[in-house]
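Chain by chain, the residues:
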Amino acid sequence: MAGHTDNEIVINAPIGTVWDITNDVPNWPDLFSEYAKAEILEQSGETVKFRLTMHPDDDGQVWSWVSERTPDPDTHTVRAHRVETGPFEFMDIFWEYTETPEGVRMRWVQDFHMKPQAPVDDAGMTAHLNRNTAIQMALIKDKVEAASLGK
């Protein structure tokens, strides 16, 4: 069995603003509350390979991994996957931005499978990601909307 999440939020800002801010990987530590560091390792065209380092968890553990993502500004989509998978057998990510009358719907889809020795199974990671994604999306919404208003 594999894990799957599908979460979205509407951000009241122009699509160009939402796109630019949320795809500025080096700025992710200022955008997401969970990342301590984002380091670009390699870039080829639109594709970027980067290392994300999280803030220490409650046990003092610092998690870090390498991902690769390719944004497509023409379709306002992003495809990404973990290169260093850590506790995951695989982790594939899809971001989609759609203009709506209320603003930009930002949608994140994650498909993954946990390794047998991982500290949680697919169901546990699905629950964790769904909880945390809602928190991160709300923070991002507030920050992007504030930036759009020039605050």
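Our subject in this report is the structure included herewith.

By the definition in use, this model includes 10 aromatic pairs. The structure contains a cluster of three or more aromatic residues connected by ring pairs, namely Trp28, Phe32, Tyr35, Phe50, Trp65, Trp95 and Trp108. Over the ring of tryptophan 95 we find arginine 69; its NZ or CZ atom is 4.4 Å from the centre of that ring. The residue whose ring lies beneath arginine 82 is tryptophan 65, and the NZ or CZ to ring-centre distance is 3.8 Å.

Inspection of helix H1 (residues 15–22) places Ile15, Val18, Trp19 and Thr22 among the buried residues, and these make up the whole buried set. Looking down the long axis of H1, one finds its buried residues gathered within 95° of arc, a one-sided arrangement.

Looking at the element boundaries, asparagine 132 is found in helix H3 (residues 122–148). Classification of asparagine 132 as buried rests on a relative accessible area of 17%. A polar atom in the side chain of asparagine 132 sits 2.7 Å from the side chain of glutamate 34.

Cut-off values and rules
- Residues numbered from 1 in each chain as written.
- Predicted model: local features only at pLDDT ≥ 70, side-chain atom pairs only at ≥ 80, totals over all residues.
- Heavy atoms only, no water.
- Phe/Tyr/Trp six-rings, centres within 6.5 Å; stacked < 30°, edge-to-face > 60°.
- Lys NZ or Arg CZ within 6 Å of the ring centre and 35° of its normal.
- Buried < 20%, exposed > 50% of the residue type's maximum accessible area, 1.4 Å probe, protein only.
- Helix = DSSP H or I, 4+ residues; strand = E, 2+ residues; numbered from the N terminus.
- Arc of directions from axis to C-beta.
- Polar contact = N/O pair within 3.5 Å; in protein donor to acceptor, adjacent residues only side chain to side chain.

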